[in-house]
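# Examination of the molecular architecture
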Amino acid sequence: MTTRFVPPHPPRGPAPVPVWRGFFGERARNAVYGWSAPMFENWHIRRNILGIVVHVVTHPDAVQRVLQANAANYAKPDIVKRVIAPMIGRGLLSSDGELWREQRRIVAANFAPPAVDALVPDFARAATARMAAWGDGGVRDMAAESTATTMSVIADTLFGGDPRLKTDAAMAHIAAALKAAAEARLSAVLRLPPLGWNPTMRAGQRGQAFLRSTLAELVEERPGRSDGDFLDRLIFALHDRFGEEEAAALALDNAATFYLAGHETTANALTWTIYLLSEQPDLQDQAAEEARSALSVGDEAGLIEELPLLRRILEESMRLYPPVPRFDRQALSLDTLAGASISPGDIVSIWPWIIHRHKKLWDDADAFDADRFLPERKAALHRFQYVPFGGGPRVCVGARFATSEALTILAHWLAAWRFERVHARPVRVIGTVTLRPEGGLPLRLSRR
Ligand code: HEM
């Protein structure tokens, strides 16, 4: 019998707040702040944001229609492309149609189960290398530790371990670029010039410039080979299928895409899982015991299968704190979703943050309960009521990579260390492109 634990969430008012409030204060800064209680009970809300019609749909059937059944009618929105183009251009995440399909074909094999399973030793190496610096423990920011670790994993597994991608400066630049991307979205809605009108934006601009110039150097140094690392093979395949100039541009765009999408999200999944365990010491002990016994077998390749409790905890963590709290589409032609009429050009916004806490989809929706993901209960869920990785043809290509990586790192850390709360103040969740605890996650570490 475990005690009921409800992690704090932003306050919810009784009625939807007016659209203009979204342009100021906390609501402008924090994507998950200011949602009203009815949002977590209704299936659709339509908002007109300065002429842009946005539908937030939360019914799993509607989500399934957008992402899968009628996916061809929904493209990545122009406004999102404009905002993220300076960072990731027209790479896999931000392209559509034939250009998307061709790029997805090129990278797919790298993320197929055998390829990912072969990386478990790399994930373990990054986890243990990081803990080696923890000495006798003490207080550490586990959000920063998680980011440094996943950054090193992505550099090692996709980019030949290039040291330029693993520095503290790189970490700070990326955090600044993501923070600014959320504000840039707002300025795009307001039709303001894209960047550079306040300190956050300027730091973001420097972050973007760092990201693009560092990755451009890397890409230019590589001739492209069919038998090298991920980046070599990517460059080779792109030159095989696209003209010289196009291939060079897409190589840089995808290097940026995979570097960013490949580490920031997983870092957040790790951070929130460790937070939830720090608040539930008994459950943490059970997970640590499972991890110890799984690691004692010494079978690195089979490790993931030996962690059913930890997997459920990770799944529940990504339900309560989906690392990507929202993603969007733009309708190409007329459609109907959750009884609402969708016109061409309308934005359809999918919010894992809301769907995962919807009162009609989950019992005691805001409470932590890893048993929701016990096999028989998981089988009863609608496939599209739990979408941390999206769904349909554009489901996260790195979903298996991320899950194996997170489980491996957590197993190594939990088996060796205990993580305890330091502050009495409750954690505050802040949503930009991803979902982080504001001010990091300082925890007290002690050896087990
Ligand atoms: C816990 C970790 C992760 C989460 C929660 C996550 C979440 C997502 C989501 C929600 C999407 C779909 C977005 C949409 O439909 O608009 C997506 C797409 C994508 N993710 Fe992930 N992701 C994670 C880890 C990774 C990793 C490790 C990689 C690469 C190594 C990666 C690379 C990508 C790419 C390239 C796409 C675009 C796929 C496409 O459009 O075909 N992600 N991710």
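None of these values were measured; they are calculated from a predicted model.

Tallied over the entire structure, the rule returns 34 salt bridges. Among the salt bridges present, the one from Asp-229 reaches Arg-222, with a minimum N-O distance of 2.8 Å. Arg-222 carries the same exposure label as Asp-229, and that label is buried. Here Arg-448 and Asp-285 are joined by a salt bridge, their closest N and O atoms 3.1 Å apart. In this pair, Arg-448 is assigned in the segment after β12 (442-447) and Asp-285 in helix α13 (residues 281-296), connecting sequence segments 163 residues apart. You can call Arg-448 partly exposed: its relative accessible area is 28%. Judged by its relative accessible area of 32%, Asp-285 falls in the partly exposed class.

Here we take up helix α9 (residues 199-221). Compared with the 33 Å implied by 1.5 Å per residue over 23 residues, the 33 Å span of α9 between its first and last C-alpha is a close match. Of all the residues in α9, the buried ones are Thr-200, Met-201, Gly-204, Gly-207, Gln-208, Phe-210, Leu-211, Thr-214, Leu-215, Ala-216, Leu-218 and Val-219.

Let us look at the sheet that holds β12. With respect to topology, 3 strands assemble into an open sheet ordered β4-β12-β9, the strand pairing being antiparallel. Edge positions in the open sheet fall to β4 (138-141) and β9 (417-421), since each of these has one partner strand only. With direction set aside, neighbouring strand axes in the sheet form an average angle of 40 degrees.

This paragraph deals with the packing of α13 against helix α14 (residues 308-320). α14 packs onto α13 with a crossing angle of 135 degrees between their chain directions and a minimal axis gap of 8 Å. Between α13 and α14, the crossing angle belongs to the class labelled oblique. Along the contact surface, α13 presents Leu-283, Gln-286, Ala-287 and Glu-290, while α14 presents Pro-308, Leu-309, Leu-310 and Ile-313. Residues belonging to the contact of α13 with α14 are distributed by class as follows: 6 nonpolar, 1 polar and 1 charged.

So, how was this worked out
- All chains use their own residue numbering, which begins from 1 and follows the written sequence.
- The model is predicted, so local features are restricted to residues of pLDDT at least 70 and side-chain atom pairs to those at 80 or more, both for listing and for counting; the totals for chains, interfaces and linings are taken over all residues.
- Only hydrogens and water are removed before side-chain values are computed, so all heavy atoms of the structure are retained for them.
- Criterion for a salt bridge: a side-chain nitrogen of Lys or Arg within 4 Å of a carboxyl oxygen of Asp or Glu.
- The buried label goes to any residue with under 20% of its type's maximum accessible area, the exposed label to any with over 50%, and the partly exposed label to all in between, with areas taken from a 1.4 Å probe on protein chains only.
- Working definition: helices are DSSP H or I runs of at least four residues, strands are E runs of at least two. Numbering for both runs from the N terminus.
- Expected span, for any helix, means 1.5 Å times one less than how many residues it has.
- Paired strands, in this sense, are two strands between which DSSP finds at least two bridges.
- In this analysis, axes come from line fits to C-alpha atoms, helices being fitted only over the stretch in contact, and the angle between any two N-to-C directions falls in the range 0 to 180 degrees.
- Should an angle fall under 35 degrees it is called roughly parallel, over 145 degrees roughly antiparallel, and 65 to 115 degrees roughly perpendicular, with every other angle called oblique.
- Any pair of residues with heavy atoms lying within 4.5 Å of one another is described as a contacting pair.
- Note that Gly is not counted as nonpolar here; it falls among the polar residues with everything else outside the nonpolar set of Ala, Val, Leu, Ile, Met, Phe, Trp, Tyr, Cys and Pro and the charged set of Asp, Glu, Lys and Arg.

These results come straight from atomic positions and should not be treated as a statement about function.
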